[in-house]
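Observations on the model geometry
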Amino acid sequence: MKIHDPSSQAMRKDYDVTDIERLMGKRDWKTYDDVIGWLEKSGDEDRKFTPGEVQHMIDDFSRLRDRGMDFVRDPEKLCDQLKSSR
């Protein structure tokens, strides 16, 4: 019988559009590198994001940056673009 492990669950949790809205409202981001840098440095300190959400966002923002995608500010469009990059 497995014991419920909340830390493991927090690592698997994926972000949704409300998390992207919250992230985009934090600063006037200019590039994907700006967002990635903040997530790497301060994302885990933000109690609104789980470690899994932070890691998924870093991975997905990095993919968009590496593909040379235009920076999108609209949270709904951005969330769709991030998740479709997987």
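Counting starts from 1 at the beginning of each chain's written sequence and moves along it residue by residue. Per-residue local features are limited, in this predicted model, to residues with pLDDT of at least 70; the limit for side-chain atom pairs, both in listing and counting, is 80 or more; totals at the level of whole chains, interfaces and linings are taken over all residues. Calculation of side-chain values draws on the structure's entire complement of heavy atoms; hydrogens and water are dropped beforehand.

Time to look at the packing of aromatic side chains. In this analysis, rings of Phe, Tyr and Trp, with Trp reduced to its six-membered ring, are considered paired at centre separations within 6.5 Å, and the interplanar angle assigns stacked below 30 degrees, edge-to-face beyond 60, and tilted for intermediate values. Following the criterion strictly, the structure yields three aromatic pairs and no others. Through a chain of ring-to-ring contacts, three or more aromatic side chains come together here, namely Tyr32, Phe61 and Phe71. Whether a charge lies above a ring is judged from NZ of Lys or CZ of Arg, which has to be within 6 Å of the ring centre and within 35 degrees of the ring normal. A cation sits over an aromatic face here: lysine 83 above tyrosine 15, 4.7 Å from the ring centre.

Moving on: the side chain of aspartate 46. By definition, any uninterrupted DSSP run of H or I lasting at least four residues is a helix, any uninterrupted run of E lasting at least two residues is a strand, and each is numbered from the N terminus. Positionally, aspartate 46 belongs in the loop between α3 (32-42) and α4 (51-66). The rule is simple: take the accessible area with a 1.4 Å probe, protein chains only, and divide by the maximum for that residue type; under 20% is buried, over 50% is exposed, in between is partly exposed. Residue aspartate 46 is classed as buried on the basis of its relative accessible area, which comes to 10%. Only 2.7 Å separates the side chain of aspartate 46 from the side chain of lysine 26, close enough to count as a polar contact. Pairs of N or O atoms are called polar contacts if they sit within 3.5 Å, as long as, within protein, a hydrogen donor faces a hydrogen acceptor (for residues adjacent in sequence, only side-chain-to-side-chain pairs).

Glancing now at the pattern of salt bridges. In the sections that follow, a salt bridge refers to a side-chain nitrogen of Lys or Arg positioned within 4 Å of a carboxyl oxygen of Asp or Glu. Applying the stated criterion to the full structure yields eleven salt bridges. Measuring nitrogen to oxygen at the nearest pair gives 2.6 Å for the salt bridge that ties lysine 13 to glutamate 53. Here the residue lysine 13 occupies a position in the loop between α1 (6-12) and α2 (17-24), and glutamate 53 occupies one in helix α4, the gap between them amounting to 40 residues. The partner of aspartate 46 in a salt bridge is lysine 26, and the shortest N-O contact between them spans 2.7 Å. Of this pair, aspartate 46 sits in the loop between α3 and α4 while lysine 26 sits in the loop between α2 and α3, and the two are 20 residues apart along the sequence. Bridged by salt links that share partners, the residues Asp14, Asp60, Arg63, Lys83 and Arg86 form one connected network.

Quick look at helix α5 (residues 75-84) now. For α5, the full list of buried residues reads Leu78, Cys79, Gln81 and Leu82. Each buried residue of α5 sits inside an arc of 165° when the element is viewed along its axis, so together they form one side. Those residues of α5 that are exposed and aimed more than 90 degrees away from the buried face are Glu76, Lys77, Asp80 and Ser84. As for α5, its buried residues are in contact with α2, α3 and α4. Two to three positions downstream of the cap, the backbone nitrogen of glutamate 76 sits 3.3 Å from a side-chain oxygen, assigning the N-cap of α5 to aspartate 74. The arc refers to the directions leading from the helix axis to the C-beta atoms. Contact definition: two residues touch when any of their heavy atoms are within 4.5 Å.

With that settled, consider the confidence of the model for the protein. Averaged over every residue, the pLDDT of the protein is 91; the share at 70 or more is 90%. No element of the protein has a lower mean pLDDT than α1, at 69, and none a higher one than α3, at 98. Within a predicted model, pLDDT stands for the predictor's per-residue confidence, ranging from 0 to 100.

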